[in-house]
Amino acid sequence: MTEAISYEVPWAVNRKCCRHIYSNFRGQFSGIMLRQLFWQAARSYSERLFKESMARIKELKPAAHEWL
């Protein structure tokens with residue numbers, strides 16, 4: 001589907017919904033800390049904050065970081 005949209009409307013922006021990503025993520029990786037770090041990364045307003053959040057996820061659960 002996204003390939004078809006990219007082909008037909010190449011100027012369209014393709015975004016992912018964090019709620020849907022998190023819904024799939026928590027199916028494999030549960031826990032309060034992972035939830036907090038996921039949303040901290042998703043709401044980051046700078047690249048530095050995003051990378052810090054992702055680094056903490058990697059420290060806590062490398063498989064979760066790889067999944068994301």
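Attention here is on the structure that accompanies the text.

### Focus: the packing of aromatic side chains
- With the rule as written, the count across this model stands at eight aromatic pairs.
- Measuring from ring centre to ring centre gives 5.3 Å for F25 and F29, while their planes differ by 40°; the resulting arrangement is tilted.
- Residue classification places F25 among the buried residues on the basis of a relative accessible area of 0%.
- Look at F25 and W67: their rings are 5.5 Å apart centre to centre, the planes differ by 55°, and that puts the pair in the tilted class. With F25 in helix α2 (residues 18-28) and W67 in helix α5 (residues 62-67), this pair connects stretches of sequence that are 42 residues apart.
- On the accessibility criterion, W67 (34% relative accessible area) is partly exposed.
- Every member of this aromatic cluster is reached through a ring pair, and the members are Y22, F25, F29, F38, W39 and W67.

### What to know about the nonpolar core
- Core analysis: the largest hydrophobic core is formed by eleven residues, namely Y22, F25, F29, L34, L37, F38, W39, A41, M54, I57 and A64.
- Every element with two or more residues in this core is listed here: α2, α3 (32-42) and α4 (47-60).
- The biggest single contributor to this core is α3, with five residues.
- Those residues within four positions of M54 in sequence are excluded, and the remaining contacts are A41, H65 and L68.

### Remarks on the pattern of salt bridges
- The full count for this structure, using the stated rule, is two salt bridges.
- For the salt bridge of K51 with E47, the shortest nitrogen-to-oxygen distance reads 2.9 Å. Taken as a pair, K51 and E47 lie in helix α4 at a separation of four residues, close to a single helical turn.
- Of the residues examined, E47 reaches a relative accessible area of 55% and is grouped as exposed.

Scoring rules and cut-offs
Residues numbered from 1 in each chain as written. Predicted model: local features only at pLDDT ≥ 70, side-chain atom pairs only at ≥ 80, totals over all residues. Heavy atoms only, no water. Phe/Tyr/Trp six-rings, centres within 6.5 Å; stacked < 30°, edge-to-face > 60°. Buried < 20%, exposed > 50% of the residue type's maximum accessible area, 1.4 Å probe, protein only. Helix = DSSP H or I, 4+ residues; strand = E, 2+ residues; numbered from the N terminus. Core = buried A, V, L, I, M, F, W, Y, C linked by side-chain atoms within 4.5 Å. Contact = heavy atoms within 4.5 Å. Salt bridge = Lys/Arg side-chain N within 4 Å of Asp/Glu carboxyl O.

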